[in-house]
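The primary structure of each chain is shown beneath.
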Amino acid sequence: MVASGEAPIDPLAEATYTRAIMQRCKVCEASLTKEEKECLNCGTKVWEPPKSDFKTKGLAVIKWFFLFSVAWSALTLFTPWGGSFITSISVTFVLLLVRSSWNEMLAGRNE
Ligand SMILES: [Zn+2]
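Across its full length, the protein carries 3 helices and 2 strands. Mapped in sequence order, the helices and strands of the protein form the string α-β-β-α-α.

As structure tokens, then:
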């Protein structure tokens, strides 16, 4: 059956090995090492598994607060409930600032 002289490669083991040391650009499918943060071929930022530490969780919480405050702003704008529109839009704006600075913190922490 096998006459090429090469050891037959177990596809599953090969896939596991490939996943351990390599990752693929999702745009052009080029192979990259774990250390490479950008695709050498097309310059795309390489996908990284989400890290469920405090900062990442905090960002998710801020995102929900932000969406909630946007909904609250709409409520105060279009209905008589919810209190002052100025207050709710201020909260939304502050959350937007917090979210963007949090994003910057996340982006810069690996350097
Ligand atoms: Zn690429």
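Unlike most non-glycine residues, E29 shows phi in positive territory, near 70°. For E29, the position within the fold is in the loop between β1 (22-24) and β2 (31-33). On the basis of neighbour counts, which here come to 10 C-beta atoms within 10 Å, the residue E29 falls in the exposed class.

So, about the environment of S31. Mapped onto the elements of the fold, S31 is located in strand β2. Through-space distance from the C-alpha of S31 to that of N41 is 9.3 Å; in sequence the pair is 10 residues apart. Once residues lying within four places of it in the same chain are set aside, the contact partners of S31 are M22 and R24.

Secondary-structure assignment places L40 in the loop between β2 and α2 (54-78). Given 12 C-beta atoms within a 10 Å radius, L40 is considered exposed. Along the chain, L40 and A30 lie 10 residues apart, while their C-alpha atoms are 8.3 Å from each other.

For the pair α2 and helix α3 (residues 85-108), the least separation of the axes is 9 Å and the interaxial angle reads 160°. Taken together, the axis directions place α2 and α3 in an arrangement best described as roughly antiparallel. Crossing of α2 over α3 shows left-handed handedness. Partitioned by chemical class, the residues of the contact of α2 with α3 number 16 nonpolar, 7 polar and 3 charged.

Cut-off values and rules
Residues numbered from 1 in each chain as written. Predicted model: local features only at pLDDT ≥ 70, side-chain atom pairs only at ≥ 80, totals over all residues. Helix = DSSP H or I, 4+ residues; strand = E, 2+ residues; numbered from the N terminus. Buried ≥ 20, exposed ≤ 12 C-beta atoms within 10 Å, placed from the backbone. Contact = placed C-beta atoms within 7 Å. Axes fitted to C-alpha atoms, helices over the stretch in contact; angles between N-to-C directions. Parallel < 35°, antiparallel > 145°, perpendicular 65-115°, else oblique. Left-handed = near helix turned anticlockwise from the far one by under 90°. Nonpolar A, V, L, I, M, F, W, Y, C, P; charged D, E, K, R; others polar.

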